[in-house]
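The primary structure of each chain is shown beneath.
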Amino acid sequence: MSTLEIPALREIAESSHAWPFQEARKIVARLKKRPKDEVVFETGYGPSGLPHIGTFGEVARTTMVRHAFRVLTDDNIKTRLIAFSDDMDGLRKVPDNVPNRDMMAQHLGKPLSRVPDPFSSEYPSFAAANNARLRAFLDQFGFDYEFLSSTDCYTSGRFDATLLRVLERFEQIMEIMLPSLREERAQTYSPFLPISPRTEIVLQVPIMAHDAKAGTITYEHPDTKQRVTTLVTGGRTKLQWKPDWAMRWVALGVDYEMAGKDLIDSVTLSGEVCRALGGSAPEGFNYELFLDEQGQKISKSKGNGLTIEEWLRYAPPESLSLFMYREPKAAKRLYFDVIPRHVDEYQQFLEAYERQDLRQRLANPVWHIHSGNPPKPNMPISFSMLLTLVASSNAENAETLWGFIGRYRPGVTPQTHPKLDALVRYAIHYFRDFVLPQKRFREPTEGERAALLDLREALSQLPADATAEQIQQVVYEVGRREPFLDKSGKVKSKDGRPGVTLDWFNMLYQVLLGQEKGPRFGSFVAVYGLNNTIEMIDGALARSA
């Protein structure tokens with residue numbers, strides 16, 4: 001049964017604190033003031049650089065709000081999601097992360113849709129190449145969207161009527177925009193940017209005259225110094241981006257669009273222009289920006305963040321959706337080290353979903369990630385465990401890892417668990433690219449050497465079929481000594497005896513595996529094997545002898 005048909009779903013959704021429902025309720029309230037038969041959601045993409053995860057994030061998050069809206073309205077109101085590409089914008093600078101940069105430099109100022117493809121001859125333009133990359137990924141995720149190109153909308157006449165309205169209200173828009181500009185910029189500002197028929201460059205020139213009845217503007221061409229009169233329609237001009245945003249909202253009837261925190265002022269100004277055109281600014285919120293490893297804002301042109309392809313080399317797409325769902329209004333580092341945690345936490349949310357009531361499920365990220373129909377959990381081993389297995393065995397192929405998995409979980413094979421098979425490949429990629437270069441084994445202290453020898457002896461006494469829990473108890477018992485004994489009283493074992501601090505387990509990972517952290521050690525040993533673990537301890541002691 002579809003989640004949209006479950007009784008009481010709407011009632012619970014109306015009071016849910018999950019942020020997609022909070023956003024969707026804003027659209028429901030909007031419709032009460034201005035009823036309409038269709039709600040239009042929009043996301044924007046600037047193809048001046050390669051698509052990055054932030055671009056995907058807007059589509060994923062907006063899709064979550066769209067589904068929440070459908071639940072709140074019993075799916076009785078038609079919805080559309082437009083993925084809009086601003087490919088009519090002029091190329092301001094050559095991105096740092098593209099080939100053939102000298103060639104691209106010859107086309108500065110031209111619309112992105114008229115700059116040749118620097119990657120190959122496969123696409124007619126730089127914008128087309130980037131648009132194709134974005135669409136391929138959105139299609140891979142199964143998003144339901146309508147792709148629109150700014151160039152197509154301008155040149156086809158789709159924007160003509162609204163462009164003429166901008167021309168009619170030229171003075172009103174100037175009154176809105178001029179106070180936001182520096183004095184020098186204000187002296188030459190115009191909402192319209194003519195496109196030179198000779199050079200194809202988007203011209204930043206003052207408008208000498210405008211005629212709303214004729215639908216024209218007049219400007220002085222910067223090269224020839226001649227006065228040129230041109231229609232504003234048919235792709236002969238484009239708008240400055242803030243009036244352009246507002247014009248688009250009006251022309252396309254957009255009801256909801258979110259934007260980054262850095263665009264708060266732009267959203268405000270565009271909203272004022274939208275109202276000057278007789279429209280109503282869409283609902284939405286300003287999400288926090290993604291940061292790179294150094295805490296700097298990620299940029300498509302700099303290429304300092306993760307690309308979509310990079311995330312998918314190391315983790316399944318659901319983990320990326322979880323990253324996007326969580327705390328959209330909080331700044332988050334978007335770097336490789338966030339990937340493993342989101343892979344495992346997605347599985348944890350999926351497993352918890354099975355035990356939850358409907359209200360709890362609507363607050364679970366997987367409900368929103370999968371539009372109300374999350375799959376059954378079927379991942380018998382965690383990603384962190386796989387990474388530790390690769391690190392401990394130096395596995396260079398999936399077959400080696402599956403040997404461990406098959407012994408630990410009899411009957412689990414690549415054929416019975418294809419998602420686990422994919423996770424195995426992700427783990428190998430991640431280990432090779434990030435874990436192996438950072439592997440640093442530290443030498444144990446004398447006290448730690450003694451503890452490791454005792455652990456070796458205790459493990460050697462266990463039967464070959466010892467469970468992960470039995471192994472964990474042995475590990476705890478050996479670690480229950482100075483300096484690892486917990487003296488705070490906060491950590492206790494199940495039998496009430498004092499526990500051990502994390503320093504004990506951190507030492508095991510650092511000395512035996514050359515990494516800072518890892519999965520539950522008893523579970524790791526159960527998968528890796530008692531004899532293999534004993535050999536690992538012997539190797540660590542020999543290295544430090």
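Residues numbered from 1 in each chain as written. Predicted model: local features only at pLDDT ≥ 70, side-chain atom pairs only at ≥ 80, totals over all residues. Heavy atoms only, no water.

Enquirer: Now, about unusual backbone geometry: what can you tell me, with residues and values included?
Expert: In the segment running from Glu482 into Pro483, the intervening peptide bond is cis, with an omega of 5 degrees. With respect to the helices and strands, Pro483 occurs in the loop between helix H21 (468–479) and helix H22 (502–513). Backbone geometry places Asp75, a non-glycine residue, at a positive phi of 60 degrees. Relative to the elements of secondary structure, Asp75 occurs in the loop between helix H3 (53–72) and strand E2 (78–85). On the accessibility criterion, Asp75 (33% relative accessible area) is partly exposed. (Helix = DSSP H or I, 4+ residues; strand = E, 2+ residues; numbered from the N terminus. Buried < 20%, exposed > 50% of the residue type's maximum accessible area, 1.4 Å probe, protein only.)

Enquirer: Lay out the packing of aromatic side chains with the relevant residues and their values.
Expert: Enumeration according to the criterion identifies 29 aromatic pairs in this entry. With 4.6 Å between their ring centres and 45 degrees between their planes, Phe56 and Phe141 make a pair best called tilted. With a gap of 85 residues between them, Phe56 in helix H3 and Phe141 in helix H5 (residues 126–141) connect regions that are remote in the sequence. The class for Phe56 is buried, based on a relative accessible area of 0%. A ring pair is formed by Phe404 and Tyr528, whose centres lie 5.2 Å apart and whose planes are at 40 degrees; its orientation type is tilted. (Phe/Tyr/Trp six-rings, centres within 6.5 Å; stacked < 30°, edge-to-face > 60°.)

Enquirer: Pulling in residues and values, what's your account of the pairing of strand E7 (residues 227–231)?
Expert: Consecutive residues of a regular strand have side chains that alternate between opposite faces of the sheet. Note: strand E6 (residues 216–220) against E7, 5 bridges, orientation antiparallel. Across the sheet, the residue bridging to Thr216 is Leu231, located in E7. (Pairing = 2+ DSSP bridges.)

Enquirer: For the packing of H21 against H22, give the residues involved together with the corresponding values.
Expert: For the pair H21 and H22, interaxial distance at closest approach is 10 Å and the crossing angle is 110 degrees. Here H21 is positioned roughly perpendicular relative to H22, judged by the angle of their axes. Contact residues: Gln472, Val475, Tyr476, Val478 and Gly479 in H21; Trp504, Phe505 and Leu508 in H22. Classifying every residue of the contact of H21 with H22 by side-chain character gives 6 nonpolar, 2 polar and no charged. (Axes fitted to C-alpha atoms, helices over the stretch in contact; angles between N-to-C directions. Parallel < 35°, antiparallel > 145°, perpendicular 65-115°, else oblique. Contact = heavy atoms within 4.5 Å. Nonpolar A, V, L, I, M, F, W, Y, C, P; charged D, E, K, R; others polar.)

Enquirer: An account of the sheet that holds strand E5 (residues 207–211) is needed here, citing residue identities and associated values.
Expert: Pairing is antiparallel across the open sheet formed by 3 strands, whose spatial order is E5-E6-E7. Strands with a single pairing partner mark the edges of an open sheet, and in this sheet they are E5 and E7. Strand-to-strand twist of the sheet, defined as the mean angle between neighbouring strand axes without regard to direction, takes the value 20 degrees. Pairing analysis gives 4 bridges linking E5 to E6, with the strands arranged antiparallel. Within E6, the position partnered with Ala209 by the bridge is Thr218.

Enquirer: Residue-level account of the environment of Pro317, with values.
Expert: Mapped onto the elements, Pro317 comes out in helix H13 (residues 317–325). A sequence separation of 82 residues divides Pro317 from Glu399, and the C-alpha atoms of the two residues are 23 Å apart. Those residues in contact with Pro317 that sit more than four places away from it in its chain are Phe141, Leu312 and Tyr426.

Enquirer: Just give me the short version of the pattern of salt bridges, but keep the residues and values in it.
Expert: Considering all chains together, one arrives at 32 salt bridges under this definition. One salt bridge in this structure joins Lys238 and Asp89, with 3.2 Å as the shortest N-O distance. Taken together, the positions of Lys238 in strand E8 (residues 237–239) and Asp89 in the loop between E2 and helix H4 (101–105) put the pair 149 residues apart, joining distant regions of the chain. When its relative accessible area of 3% is taken as the criterion, Lys238 is described as buried. (Salt bridge = Lys/Arg side-chain N within 4 Å of Asp/Glu carboxyl O.)

Enquirer: Describe in detail the side chain of Thr230, supporting the description with residues and values.
Expert: By secondary structure assignment, the location of Thr230 is in strand E7. Apart from residues no more than four positions distant in its own chain, Thr230 is found in contact with Gly215, Thr216, Ile217, Tyr219, Arg236 and Thr237.

Enquirer: Tell me what's going on with the packing of helix H20 (residues 446–460) against H22, and back it up with residues and numbers.
Expert: Close contact between H20 and H22 brings their axes to 12 Å; oriented N to C, the two are set at 90 degrees. Between H20 and H22, the angle falls in the class roughly perpendicular. For the pair H20 and H22, the contacting residues are Glu448, Ala451, Leu452 and Leu455 in the first and Trp504, Met507, Leu508, Val511 and Leu512 in the second. Tallied by class, residues from the contact of H20 with H22 come to 8 nonpolar, no polar and 1 charged.

Enquirer: Describe in detail the nonpolar core, supporting the description with residues and values.
Expert: Counting residues in hydrophobic clusters, the biggest one holds 118 residues, and the most contacted among them are Trp311, Trp504, Leu508, Leu512 and Phe521. What Leu512 contacts, discounting residues up to four positions off in sequence, is Phe441, Leu452, Met507, Phe521, Met536, Ile537, Ala540 and Arg543. Judged by nonpolar contacts, the second largest core, of 42 residues, contains Leu252, Ala259, Cys274 and Leu277. (Core = buried A, V, L, I, M, F, W, Y, C linked by side-chain atoms within 4.5 Å.)

Enquirer: Would you mind going over helix H19 (residues 418–438) in detail, with residue names and values included?
Expert: For H19, built from 21 residues, the straight-helix expectation of 30 Å at 1.5 Å per residue is met to within 8% by its first-to-last C-alpha distance of 30 Å. The sharpest bend along H19 comes to roughly 45 degrees, located at Phe431. Looking at H19, one finds that the buried residues are Leu420, Asp421, Ala422, Leu423, Val424, Tyr426, Ala427, Ile428, Tyr430, Phe431 and Val435. In the core, the buried residues of H19 are packed alongside helix H12 (308–314), H13, helix H14 (339–353), helix H17 (383–393) and helix H18 (398–408). (Expected span 1.5 Å × (residues − 1). Bend = angle between axes of the 7 residues up to and from the residue.)

Enquirer: With reference to specific residues and values, describe H18.
Expert: Buried within H18 we find Ala398, Leu401, Trp402, Phe404 and Ile405. Down the axis, H18 shows its buried residues gathered within 155 degrees of arc, on one side only. Contact partners of the buried residues in H18: H17, H19, helix H23 (521–528) and helix H24 (530–543). Here H18 starts with a cap whose side-chain oxygen sits 3.2 Å from the backbone nitrogen of Glu399, and that cap is Asn397. (Arc of directions from axis to C-beta. Polar contact = N/O pair within 3.5 Å; in protein donor to acceptor, adjacent residues only side chain to side chain.)

These values are about where atoms sit, not about what they do.
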